[in-house]
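Letter by letter, the chains look like this.
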Amino acid sequence: MTKIINVIKGTHDILPQEVEQWHILEENALNTFTKYGYKEIRTPIFEATELFARGVGDTTDIVNKEMYTFEKSDRSLTLRPENTAGVVRSYIENGMSRLSPPVKLWYKGPMFRYERPQKGRQRQFHQVGVEMFGVKDPAADAEVIIMAVDYLKSLGLNDLEVEINSLGCPKCREEFKNNLKKVLKPEFENLCEDCKNRYEKNPLRLLDCKVESCKAIFEKPEIQKVIQSDFICEECAEHFSKLKSYLDKMNIKYTVNKLLVRGLDYYNRTVFEIKSNNLGSQNAVCGGGRYDSLVKNLGGEDTPAVGWAMGMERLNSLLTIPETKKLNGYIVSNSPQDALELACELRNEGYNIEFDLSNKKFTKQLEKASKVADFALILGEDEIKAGKVSVKNLATSEQKTVSRQELRSIL
RNA sequence: GCGCCUGUCGUCAAGCGGUUAAGACCUCGGAUUGUGGUUCCGAUAUGCAUGGGUUCGAAUCCCAUCAGGCGCCCCA
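Note that the structure is predicted; figures quoted are calculated from it, not measured. (Residues numbered from 1 in each chain as written. Chains lettered and ligands numbered in written order. Predicted model: local features only at pLDDT ≥ 70, side-chain atom pairs only at ≥ 80, totals over all residues. Heavy atoms only, no water.)

Q: Lay out the nonpolar core with the relevant residues and their values.
A: In this structure, Phe-133, Leu-184, Cys-195 and Phe-218 are the most contacted members of the largest nonpolar core, which totals 49 residues. Beyond its immediate stretch of four places on either side in the chain, Phe-133 contacts Val-87, Val-88, Tyr-91, Pro-101, Pro-102, Val-103, Leu-105, Tyr-291, Val-295, Thr-303, Pro-304 and Ala-305. (Core = buried A, V, L, I, M, F, W, Y, C linked by side-chain atoms within 4.5 Å. Buried < 20%, exposed > 50% of the residue type's maximum accessible area, 1.4 Å probe, protein only. Contact = heavy atoms within 4.5 Å.)

In structure tokens:
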């Protein structure tokens, strides 16, 4: 037997029985984001590798080990691992800084990361996300978070936890990093391998380590003192406290998590995640924050921005599978020509109609009809002769023989 | 990239060294030549992820590869 070809590791088919859920995610996204004045943007699935190296940051895991990069005509191209860099590129390239701020954009689509697949993590996955450009005020941060919660509510997801934190600006963060490194230096040799790595790469992440011996080290008073200190500068602190008060006023429940640090380099000040307890270890459905220097770093005008992305597969696994919709009618007939005629006629008027194309036995056709449709439209010899059709309600077994015009009032 | 666990029909599975590889659902056919959803019969794995090895004998034991699950890292 010829060998079959399988899907690539970390990718999967979205089968017909699952696709209805995706429609729900997409329709609710369009409706919710439109309410807030967002417009959809669709950017290419691959971009210049440099965009991600400069945009996402070349010290990040995403850029260092997770990108699908290939060469074509002497160019280095990469399948997008996330879409913020692409949207920013488009914002700059299309002169959107000339539009009156805020510029509000949303997107959905596949992203690619070369990672070890597990639940809630695949190599090709889908994100829906939003980006708002041009507003420095924390009202923007608040609105974006509120919209995320609103969207999740529209999907029936009410009990998710919103966590927020402030990373400060590059300047105050640098100071904190240095203090942290200084106080941890004597303990460096006692840290786990991962933490030794993080010490150089991203000291903020150290605090989140799950290894017991590391946790014990962090408990030491002189280290706790640094961790607990409010390292962010006055301006950043004000931004953060305004955000909190906006959220309070809008009755958005959240917790401040000082250990919340996002792995993408472009974030500053506000970062947030929305988590679920039903997702295993990949428990964040939504992640985002402010990235005030990204537009400038990619060659645009200095433009503040804030946004988030949600993993659609993760959202999906939290939703209950909707029942598949039944057809309006299934035509039962041994005359394919008449069945086809009636089917086309009704379909043109917007009805969902199917009929048997292989001329199966009457009982088989009716059995099929009962499974997939609300009504059986029986078009036998007698009906054809009389120019009528017998309509059977498959839930109640009621059956009437009617003219084709009368049919519309029943369906 | 690392650690632990798993892999039997389209799906869910029983089997744990010698069986004709259970069973259920789905699908298809029949009982039922124009009346379904109930019922009853029947069909459907020369095969146990793939490749090696151990053994008189392997779905069952061992090794490798591939794939999946969980955790770490990281992230949506």
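Q: Quick one: what's the story with the protein's contact with RNA strand B, residue by residue and with numbers?
A: With respect to spatial proximity, 51 residues lie near RNA strand B, and among them Arg-113, Lys-119, Arg-262, Gly-263 and Ser-397 are the closest. Within the contact set of RNA strand B, a base nitrogen lies 2.7 Å away from a backbone nitrogen or oxygen of Leu-394. When contributions to the surface near RNA strand B are tallied by element, the ones reaching two or more residues are strand 6 (124–133), helix 7 (193–201), strand 10 (284–290), strand 11 (305–311), helix 14 (362–372) and helix 15 (381–386). Here the element with the most residues in the surface near RNA strand B is helix 14; it accounts for seven residues. (Near = heavy atom within 4 Å. Polar contact = N/O pair within 3.5 Å; in protein donor to acceptor, adjacent residues only side chain to side chain. Helix = DSSP H or I, 4+ residues; strand = E, 2+ residues; numbered from the N terminus.)

Q: Provide a residue-level description of the sheet that holds strand 16 (residues 399–403), including the pertinent values.
A: Spatially, 13-12-14-15-16 is the arrangement adopted by the five strands of the open sheet, whose pairing is mixed. Two strands in the sheet have a free side with no partner beyond their single neighbour: strand 13 (353–355) and strand 16. Mean inter-strand twist for the sheet, computed between neighbouring axes without regard to direction, equals 30 degrees. With five bridges connecting them, strand 15 (residues 388–393) and strand 16 associate as antiparallel partners. (Pairing = 2+ DSSP bridges. Axes fitted to C-alpha atoms, helices over the stretch in contact; angles between N-to-C directions.)

Q: I'd like a description of the sheet that holds strand 3 (residues 68–72), backed by residues and values.
A: Judged by pairing direction, the sheet is antiparallel, and its three strands sit side by side in the order 2-4-3 without closing on themselves. Since the sheet does not close on itself, it has two edges, and those belong to strand 2 (46–48) and strand 3, each with one partner. With direction set aside, neighbouring strand axes in the sheet form an average angle of 35 degrees. Note: strand 3 against strand 4 (residues 75–79), five bridges, orientation antiparallel. By the bridge assignment, Lys-72 is partnered in strand 4 with Arg-75. Taken strand by strand, helix 2 (residues 49–57) contacts strand 2, strand 3 and strand 4, and its axis lies near 75 degrees from that of strand 2.

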